[in-house]
Structure formats: C-alpha cells, structure tokens
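A look at the structure
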Amino acid sequence: MQEALDRGEDPTEGRDSGDRHREEVERQKARLKAAEQAKREVVEEHWEPPPSFGSMRYQLDNPLPENGFVVKELAGTGMTILFIAQWKAGKTTAGFNLAVALADGGEFLGRFGTELREDTSVAYWNFELDGRRAQDWVRDLDPQHPERLYVEHWRGYGIPIETPAGEDFAVGHLIEQAASVLIIDPSSSAHDHDENSAQEMGRWYKAVERIKRRAGLDLVVIVAHAGHGGVGENGDGLPRVRGNSKQMGDADAFWFYQHGGEHGQIAPDSRRYFTAYGRDIDTGQITLDYDSTSRRLEVVSGVTGRAEDRALNTGKEVWRILDNYYSSNTKTFAGKSKLEKLIRTAGKSDYKREGIEYADRMGWIEIEEQGDGRPILYRLGKTQPEDDKCIRLPPLK
C-alpha cells in the first residue's frame, strides 16, 4: 500500500471491499494491542512485589509487633480511618481537634488518650481552608506543642499520589517532617478522580497505602464528605461516604460525625454526634458539645446520642409550652387536642410524640387518662427540666 502511495497511485484501486475491510480490522487490532500494552506497562511501573510472611507455624512462633492505639479506643496503630462528616457539621474543626490532641499528647474529645510516637509529628494536608483561616482556627485551639504539627495549605493544588512523581513527593515530604500521622482533609479536594468510580478511587486508596508504608506512618485519617443523610427512622442512622461505596471497603475503621439537623441543613445548635466503628473498634454514638470560642469538642456525659438529645430538647419544649399555658389558664386543663395545637403553633410538631413521652418519663408533665371516652389531660409534673434557659417555677404540690 505504501509503495502505491509513493508512486502516486490509488492503493485501493483493483482491490475489493473485503480486502480493505481486513486491513482496517488489522489497524484497529494494532491500536487496541498498543493500548493494552501501555496499560500493562503503567501497572508494572507502580507494582511493588509483596513480601512473603512464611507459614502460619513460623508466623505464630515469630509474631509481628503487637498493635497498639494511636487514639485509644478509636484508632489502632497501622490503621487507615475514613472520617465521614455530615455537611456543615464542622469536619475541619474536628480534624484540627484531633491533630492538636495528638501533637500535645492530650485527649481527643476530652476522653480518648493519644500516643504520638516519640520524635515524630502530625502532618495535616488542608485542601479546603485558606491558609490564614486555618492558622486562626488552630490558634484558637491553643496548641501546647505546635512544633509537632505541620499544616499544609494546599487548597487548589491536589497531589497525584497515584503517579510515581506524586507518590515520591508525598513520601519525601512526610519523611522530611518526621510524620507518623497523616490527616487528609478532605479527600475529594486531594485528587481529581471521579468519586463515583470504584476503579479510580481504588487506585487512589492503594496509593495512600503505599505512602503509609513507605513513609512509616502509624495512622492515616481521610476526612470525607457524607453523601447521604442518616438512614432509619427520623434519620438517626449513620451517614455514608459521598461517591462509590468502594471507599467503605478500603478503610480499617470509620468515624461518623453529625449534627442534630437533617442532611443539607446547617447545625441547629452546638451539639455534635460521633461514632467510631471498625476492626476492634465500636464506641456507639457519643454526644459532643462544641465551644465556638475555643473551638474545642468535648464529650457530654449522661446523653447517649442524637435521638435522646432530640427527645430531651423536644421534651423541654413541651414542658415550656404547658408552663406558658398554665401561667394564664388556671381553671382549665389542657387536653390532647389543645396540647397538640399549642405544639404546632410553637413549630415543634415534627417530634411531638417523643417529646411528650420524654417529658412524661422525666416527670416534667403528668398525663391523666380519664377513661369513659373523656379526653386525656396534660398537667405540669412535680419536677422541671434542669436548664438555665428554662423558666424557673416552684415545683407543684
């Protein structure tokens, strides 16, 4: 064919369509083979032969170093944690709380002890906040050993860690800082992959594991956006990560972080809810309180989680509504329809049933079932909520 072209002749002249079709097929096959060969070579460039650990007899006689905890009860040595945060719950604030607790050797959330290896540091890759704002937020937390914390302000950069150059950069950077803990916040801004692609996210997580191994890290925490609100009744279940669920299979444990509002809403108050679950980790839901001045998150004792907090607050509102009603109606009792109307008027109707049940259980209100078809009556109980924001009245006799 080329010779015909060189002579200025039509290479297809005198040849039937079957020959031309065959030649086109061969060209397409060559392209596909070249693409497959290129893909294999790219994979081989990244491939690191895994070590052999010998028979289980040898391994049981020569066990690996015992796994400790970097964050007691929450994160074991060698783990990769996926920290899934509800929108506008304050995930970066929570991440800085963790970083400062590790650098200072303090307690994360005021309860969980931390153990940062001697002469090592915490590396925080901040891909979201601008640099000055991040500095101010960390300053508010009043770190005692800021020299052990390296916060990089890489908004708009991203690091292609799945490439040799990106991986080498990350490893070299972490080794230079003597880091033993890496926090990536958030993962979606650290790469340019499609979060809905299992293949692309799988490659990124494998690169994280290679970096962890090469840099000698004890812990990696990947902060991620929640893609869905809580599941289950009233949305009190745990959120799942935004994007492909493959990410849920690449972590050793999960930290879930929520506020008291629905998905897509801003936090209605200072309450936050934290759950840790994974290999050898299961905390149940823990209630936190956020101090906006110090930016500290602290565990609240005596409250079991989001659902109880909501019932508590709604129960207080039911008590307040009845208290206001009886302050101006001393001769009539509130029946069911009256109370429900008062609750609707106050805009608290979403969870009125659990609020009434909670207030009754706590003795803040009394429910009298008269029977014989007569209406149920609601009265103030002999106790009242212990809350400075509540109206203070002497207990009923």
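Above: the structure in question.
Each chain carries its own residue numbering, running from 1 in the written order of its sequence. This being a predicted model, a pLDDT of at least 70 is required before a residue's local features are given, and a value of 80 or more before pairs of side-chain atoms are given or counted; all residues contribute to the totals for chains, interfaces and linings. Values reported for side chains reflect all heavy atoms of the structure, with hydrogen atoms and water molecules removed beforehand.

**Some points on the nonpolar core**
In these notes, a set of buried Ala, Val, Leu, Ile, Met, Phe, Trp, Tyr and Cys residues joined through side-chain atoms within 4.5 Å is what counts as a nonpolar core. Burial classes follow relative accessibility: with a 1.4 Å probe on protein chains only, a residue under 20% of its type's maximum area counts as buried, one over 50% as exposed, and anything between as partly exposed. Within the largest apolar cluster, 44 residues are counted, with the highest numbers of intra-cluster contacts made by Val-71, Phe-108, Ile-183, Trp-255, Tyr-257 and Phe-274. Strands here are runs of E lasting at least two residues and helices are runs of H or I lasting at least four, both read from the DSSP assignment and numbered beginning at the N terminus. Looking at which element gives the most residues to this core, the answer is helix α4 (residues 91-104), with 8 residues. Contacts were defined at the residue level, with two residues in contact if any of their heavy atoms lie within 4.5 Å. In this structure, Phe-108 is in contact with Val-71, Leu-74, Ala-94, Asn-97, Leu-98, Ala-101, Thr-114, Trp-255 and Phe-274, ignoring residues within four places of it in sequence. If you look at the next biggest cluster of nonpolar residues, it comprises 31 residues, including Ile-161, Ala-207, Val-208 and Ala-215.

**Overview of the layout of surface pockets**
A pocket, in this scheme, is an open set of points on a 1 Å grid over the protein atoms alone with protein on both sides within 12 Å along at least 5 of 7 lines, while a cavity is a set where a 1.4 Å probe fits but cannot get out; residues line either one if an atom lies within 4 Å of a point. Grid points are joined across faces, edges and corners, and a volume is the space filled by probe spheres set on the points. In this structure, the second largest pocket encloses a volume near 600 Å³. Along its surface, the second largest pocket is lined by 16 residues, and His-46, Gly-202, Arg-203, Lys-206 and Arg-210 are the ones closest to its centre. Breaking the lining of the second largest pocket down by element, the ones donating at least two residues are α2 (17-46) and α7 (198-215). Ranked by residues supplied to the lining of the second largest pocket, first place goes to α7 with 8 residues. When its residues are assigned to classes, the lining of the second largest pocket shows 4 nonpolar, 3 polar and 9 charged. Note on residue categories: nonpolar means Ala, Val, Leu, Ile, Met, Phe, Trp, Tyr, Cys or Pro, charged means Asp, Glu, Lys or Arg, and polar means any other residue, Gly included.

**With respect to the sheet that holds strand β15 (residues 365-368)**
A pair of strands is considered paired only if DSSP assigns at least 2 bridges between the two. The sheet built from 3 strands is open, its strands ordered β14-β16-β15 with antiparallel pairing. Single-partner strands in this sheet number two, and they are β14 (334-335) and β15. Pairing of β15 with strand β16 (residues 377-380), which is carried by 4 bridges, proceeds in the antiparallel orientation. By the bridge assignment, Ile-367 is partnered in β16 with Tyr-378. An axis is simply a line fitted to the C-alpha atoms; with a helix, the fit covers only the stretch in contact. Between two such axes, the angle follows the N-to-C directions and lies from 0 to 180 degrees. Contacts between helix α9 (residues 306-328) and the sheet are confined to β14, β15 and β16, with β16 contributing the most and set at about 90° to the helix. Here helix α11 (residues 352-361) sits on the sheet and contacts β15 and β16; the angle it forms with β15, its principal contact strand, is near 105°.

**Quick look at the packing of aromatic side chains**
Centres within 6.5 Å are what make two rings of Phe, Tyr or Trp a pair, Trp counting through its six-membered ring; a difference in plane orientation under 30 degrees is then read as stacked, over 60 as edge-to-face, and the rest as tilted. Scanning all chains against the criterion turns up 14 aromatic pairs. On the numbers, 6.0 Å between centres and 50° between planes, the contact of Trp-154 with Phe-169 is tilted. You can see Trp-154 sitting in the loop between β7 (149-153) and α6 (164-176) and its partner Phe-169 sitting in helix α6, a full 15 residues away along the chain. Phe-169 gets classed as partly exposed once you look at its relative accessible area, which sits at 41%. Three or more aromatic residues joined by ring pairs make a cluster, and in this case those are Phe-83, Phe-108, Trp-255, Tyr-257 and Phe-274.

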